[in-house]
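Residues per chain, in single letters:
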Amino acid sequence: MAKALLGFSTGTDPHLVHRLTGDNRVLRQRVADLEDLVLRLQQENDALAAVASASVDEAVARDGSLTRA
């Protein structure tokens, strides 16, 4: 895709090249922001899973009749 865009923008109107460069910069920043969000959500999910697991372990320890799946 990048080669297609680069080939498309080479030798064209400078205004178009400037616009495509700006769009590319905005899209790269958006991707970076989304990657950061994914990492944060993964960390939150891991923390919540650990809390849930500890809660289940405590419940099983209190009541031996509970079984963990």
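Please read these numbers as outputs of a predicted model, since none were measured by experiment.

1. Some thoughts on the overall build of the protein
No. 1: Per the secondary structure count, the protein includes two helices and zero strands.
No. 2: For the protein, with 69 residues in total, the buried portion stands at 4%.
No. 3: If you sum the accessible surface of the protein, you get close to 6100 Å²; carbon and sulfur atoms cover 62% of it.

2. Overview of the pattern of salt bridges
No. 1: Evaluated as defined, the whole model comprises two salt bridges.
No. 2: Its salt-bridge partner being Asp23, residue Arg19 comes within 3.9 Å of it at the nearest N-O pair. Of this pair, Arg19 and Asp23 both sit in helix α2 (residues 14–62), four residues apart, which is roughly one turn of that helix.
No. 3: Residue classification places Arg19 among the exposed residues on the basis of a relative accessible area of 54%.

3. Thoughts on a nonpolar patch on the surface
No. 1: Residues Leu34, Leu37 and Leu41 make up a contiguous nonpolar surface patch of about 220 Å² in total accessible area.
No. 2: On the accessibility criterion, Leu37 (34% relative accessible area) is partly exposed.

Criteria and thresholds
Residues numbered from 1 in each chain as written. Predicted model: local features only at pLDDT ≥ 70, side-chain atom pairs only at ≥ 80, totals over all residues. Heavy atoms only, no water. Helix = DSSP H or I, 4+ residues; strand = E, 2+ residues; numbered from the N terminus. Buried < 20%, exposed > 50% of the residue type's maximum accessible area, 1.4 Å probe, protein only. Areas by Shrake-Rupley, 256 points an atom, 1.4 Å probe, with all protein chains shown as cover. Salt bridge = Lys/Arg side-chain N within 4 Å of Asp/Glu carboxyl O. Patch = residues over 30% accessible without salt bridge, like charges linked within 9 Å, V, L, I, M, F, W, Y side chains within 5 Å.

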